[in-house]
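# Geometric and topological summary
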Amino acid sequence: MKIELSPQQKQYHAEWRTFVDEAIVPFAQQFDREQRIPPQLIRALAQKKYLGATVPVDMGGLGVDAVAFGLLNEEIGRGCSSVRSLLTVHTMVSQAILRWGSQTQKEVWLPCLATGETIGAFALTEPNVGSDAKSVQTTAVPHGDTFIINGHKKWITYGQIADLFLLFAQSDGKLTAFLIERNTPGLTIEPICHMTGTRASMLAELHLNDCEVPRANIVGAVGFGFTAVASAALEWGRYSVASGCVGIGQACLEASLDYTSQRQQFGVYIKEHQLIQQMIADMATDLDAARLLCQRAGYLMNTQDPAATDAIFKAKYFASRMANRAANDAVQIHGANGCSETYPLERYRRDAKVMEIIEGSSQIQQVIIAKKAFCYAH
């Protein structure tokens, strides 16, 4: 069986690699230090329609398939995981609306999300609620044609600049998804800084105090929040993160190949040392395996195969662990230089650690994958 990208996918891949090399790679360390992505880069991503990559062309997007979207995340992840995080959460919002939104919601929001006029963010996590998403404590109480929402969201990626939040709250014990605009009275936003990794992803806390939201802003229906809306969005989120992890691995491999060909110890380039070769071999092999898992997941998503969900879990689980191994070995190969901000390796290592936590921790992935395996066995 031959696995090969289509001519269109290859063309996109080459374009995206060039863009990342020119617009992201040279500045990624600065983004990390300043803990922000500059508006001009976000505008550039919007103008290229990368923020609307998966939105249909007739709604203003690029209309790429899942495999191509994975390649886009891989390349941007190679340059800067914080920039890739914007693509992740923004796409989660647009995909949730595309799949479960009303016709009016699609007409109003998808063109704005596709062009980057509106920045979207995914607001599920709370101070006391992470992996146990069904236990969200934010409440939404019916009030005529509106809902009154009270609660507290935390770790909201790009919450500092988002214009539209896909936010989840309990309505009479039923998890429900709402679209909430930034300027909604009662919504206050507090920046979160000094994170270990993805420092430029502009995280925020959301405080909702009697926020009045129209009933028309419900995505799907009351009670559809977890099983439908969040699940659909999170599949795209996990796939995006998994592909971004392949990008981290690729960056680690490229940096290590370059460094070992220039650094000499004991009279030879360190690439001649067998223990270095072992780390490079493991890195290259794990990277290929992770990339193939992601591309398989993308193919199954394209064909709407029910096995896609399981494939995405496996891709995210393996790719995030691969990125951590690759980053640790790359730092080791670079020695003290790998611990210095002069080189990007220490950033790769910090960012890679985050990948095992977001969009479902490695432990949650293990439990889900194991349960599925037991089901297949019986």
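Before going into details, it helps to say that this report is about the structure given with it.

Looking now at helix 9 (residues 308–334). Spanning 27 residues, helix 9 covers 38 Å between terminal C-alpha atoms, matching the ideal 39 Å at 1.5 Å per step. Of all the 27 residues making up helix 9, 19 are buried; the element is thus mostly covered by neighbouring parts of the structure. The first or second residue beyond helix 9 is Gly335, which carries a positive phi of 60 degrees.

Next up on the list: the environment of Ala326. Locating Ala326 in the fold gives a position in helix 9. As for Ala326 and Ala352, which are separated by 26 residues in sequence, their C-alpha atoms are 8.9 Å apart. Leaving out residues up to four positions away in the same chain, Ala326 has contacts with Gly249, Cys252 and Met283.

The subject of this paragraph is the pairing of strand 1 (residues 120–123). Residues of strand 1 alternate between two faces, with Gly120 and Phe122 on one and Ala121 and Ala123 on the opposite face, all of them buried. As judged from the four bridges shared by strand 1 and strand 4 (residues 164–171), these two strands associate in the parallel manner. Looking across to strand 4, one finds that Ala123 is bridged to Leu167.

Mapping Thr176 onto the fold places it in strand 5 (residues 174–181). Taking the relative accessible area as the measure of exposure, Thr176 reaches 0% and is therefore buried. In terms of polar contacts, Thr176 uses its side chain to reach the backbone carbonyl oxygen of Lys174, at 3.0 Å. Looking at Thr176, its side chain comes within polar contact range of the main-chain nitrogen of Gly223, at 3.1 Å. Setting aside residues no more than four positions away along its own chain, Thr176 makes contact with Leu167, Phe168, Ala169, Ser171, Ile218, Ala221, Val222, Gly223 and Gly225.

A word on the pattern of salt bridges. All chains considered together, the criterion is met by 14 salt bridges. For Asp310, the salt bridge identified is with Lys314, shortest N-O distance 3.2 Å. Placement of both Asp310 and Lys314 in helix 9 is noted, with a separation of four residues, approximately one turn of the helix. Residue classification places Asp310 among the buried residues on the basis of a relative accessible area of 9%.

What counts, and at which threshold
- Residues numbered from 1 in each chain as written.
- Predicted model: local features only at pLDDT ≥ 70, side-chain atom pairs only at ≥ 80, totals over all residues.
- Heavy atoms only, no water.
- Helix = DSSP H or I, 4+ residues; strand = E, 2+ residues; numbered from the N terminus.
- Expected span 1.5 Å × (residues − 1).
- Buried < 20%, exposed > 50% of the residue type's maximum accessible area, 1.4 Å probe, protein only.
- Contact = heavy atoms within 4.5 Å.
- Pairing = 2+ DSSP bridges.
- Polar contact = N/O pair within 3.5 Å; in protein donor to acceptor, adjacent residues only side chain to side chain.
- Salt bridge = Lys/Arg side-chain N within 4 Å of Asp/Glu carboxyl O.

Treat this as a map of the structure, not an account of what it does.
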